[in-house]
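Working through the structure, step by step
This is what each chain is made of:
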Amino acid sequence: MDMLRKFIFLGLLVTAGSPVVGQNYNADRVDRPNTKKINIGIKAGFNSSMFMVSELKIKDVTINEVQNNYKIGYFGALFMRINMKKHFIQPEVSYNVSKGEITFDKLGSQHPAIEPDYASVQSVLHSVDFPVLYGYNVVKKGPYGMSIFAGPKLRYLWGKHNEITFKNFDQKGIHEKLYPFNVSAVIGVGVNISRIFFDFRYEQGIGNISKSIIYDNINSDGSTGVSNIIFRRRDSALSFSLGFIL
């Protein structure tokens, strides 16, 4: 009799649990976006940029020490994800506004006994970016996923929208011309819960973005003459985004 009661009890548990199992299976099929061959999505977020200065020279004075002051920018993007089991290819297009500032003693290290005279360069750069990423799903179970990814990014700097300000320089009318196209390397990690995902990434520019710097021949003290300003820099950025996979 006791054995019969146990079988009845087990049967009731199985019967009661069957709909739950079915619901979980259906939910897994409905809520998990990475079961599709192709997904599209949107995302937006913030970035923190800094400049890797390889050479800064003003009036034949080489500046060796540069302080980076982080500024917060923002971006929005559309992307397509081509799924191949645990692997995927993800091309993107995004509009970015990145901000950065460097501060330095324009006297350089040649005059240690003189009180520093600080100057700065502030940049607000507008760009259209085209990353192509290869990713691998470390976790791909139910509605949950975690991936790592890397790849190149082609960037077009929108020259007429860029704002570059040179503060406390001796020269007047300074204008920097940037290369319109440059390439970066991207690496990052993404986490998704159902169709909502978070994306963390680091980007490093590969080449110098500064093409030339020109200014008026009249200096701030009224003297004339031309001295080259050399400012070679690459940019790097940390970014965070929140998105939705369709």
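A word on the overall build of the chain. Looking only at helices and strands, the chain has one helix and twelve strands in total. Put simply, the chain runs from its N terminus to its C terminus through helices and strands in the order α-β-β-β-β-β-β-β-β-β-β-β-β. With 246 residues in all, the chain has 38% of them scored as buried. Within the chain, contacts between residues at least 6 apart in sequence are counted, and of these 75% link residues at least 24 apart. Approximately 14,300 Å² of the chain is accessible, and the part contributed by carbon and sulfur atoms is 63%.

Glancing now at the packing of aromatic side chains. Aromatic ring pairs are described here by two measures, namely the spacing of the ring centres and the angle between the planes. According to the stated counting rule, one finds seven aromatic pairs in the structure shown. Both rings, one in Phe79 and one in Phe197, keep their centres 5.5 Å apart while their planes meet at 85°; by these two values the pair is edge-to-face. Remark: Phe197 occurs in strand 10 (residues 196–205) and Phe79 occurs in strand 3 (residues 67–84); sequence separation between them is 118 residues. Residues Phe79 and Phe197 agree in their burial class; the two are buried. Ring centres of Tyr95 and Trp158 lie 6.1 Å apart, and the angle between their planes is 80°; on these two criteria the pair is classed as edge-to-face.

Moving residue by residue along a regular strand, the side chains alternate between the two faces of the sheet. Across the two faces of strand 8 (residues 175–178) the burial differs, with Glu176 and Leu178 buried and His175 and Lys177 not buried at all. Pairing analysis gives four bridges linking strand 8 to strand 11 (residues 210–214), with the strands arranged antiparallel. In the sheet register, Lys177 faces strand 11, and the bridge partner there is Ser212.

So, about unusual backbone geometry. Here Lys85, not a glycine, exhibits a phi torsion of approximately 55°, which is positive. Tracing the backbone through its elements, the reader meets Lys85 in the loop between strand 3 and strand 4 (87–105). Residue Asn168 is not a glycine yet carries a positive backbone phi of 65°. With respect to the helices and strands, the residue Asn168 is situated in the loop between strand 7 (163–167) and strand 8. Judged by relative accessible area, which is 41%, Asn168 ranks as partly exposed.

Along the chain, Ser210 turns up in strand 11. Ignoring anything within four residues of it in the chain, the contact list for Ser210 reads Glu176, Lys177, Leu178, Tyr179, Phe231 and Arg233. A polar contact of 2.6 Å, which involves the side chain of Ser210, links it to the side chain of Glu176.

Let's shift gears to the nonpolar core. Grouped together as the largest cluster of nonpolar side chains are 20 residues, with contacts concentrated most on Phe104, Val121, Phe169 and Ile174. Elements supplying a minimum of two residues to this core: strand 1 (38–58), strand 4, strand 5 (118–141) and strand 12 (229–245). If we ignore the near neighbours within four places in the chain, the residues touching Val121 are Gly100, Glu101, Ile102, Phe104, Ile164, Thr165, Phe166, Phe169 and Phe231.

With respect to the secondary-structure elements, Glu92 resides in strand 4. Overall, Glu92 belongs to the buried group, its relative accessible area being 6%. A polar contact of 2.7 Å, which involves the side chain of Glu92, links it to the side chain of Gln90. Only 3.1 Å separates the side chain of Glu92 from the side chain of Arg201, close enough to count as a polar contact.

Our next topic: the confidence of the model for the chain. Residues with a pLDDT of 70 or more make up 79% of the chain, whose mean pLDDT is 84. Note that pLDDT drops below 50 for residues 1–30; the model gives that stretch five contacts with residues more than four away or on any other chain.

Definitions and limits used
Residues numbered from 1 in each chain as written. Predicted model: local features only at pLDDT ≥ 70, side-chain atom pairs only at ≥ 80, totals over all residues. Heavy atoms only, no water. Helix = DSSP H or I, 4+ residues; strand = E, 2+ residues; numbered from the N terminus. Buried < 20%, exposed > 50% of the residue type's maximum accessible area, 1.4 Å probe, protein only. Contact = heavy atoms within 4.5 Å. Areas by Shrake-Rupley, 256 points an atom, 1.4 Å probe, with all protein chains shown as cover. Phe/Tyr/Trp six-rings, centres within 6.5 Å; stacked < 30°, edge-to-face > 60°. Pairing = 2+ DSSP bridges. Polar contact = N/O pair within 3.5 Å; in protein donor to acceptor, adjacent residues only side chain to side chain. Core = buried A, V, L, I, M, F, W, Y, C linked by side-chain atoms within 4.5 Å. pLDDT = per-residue confidence, 0-100.

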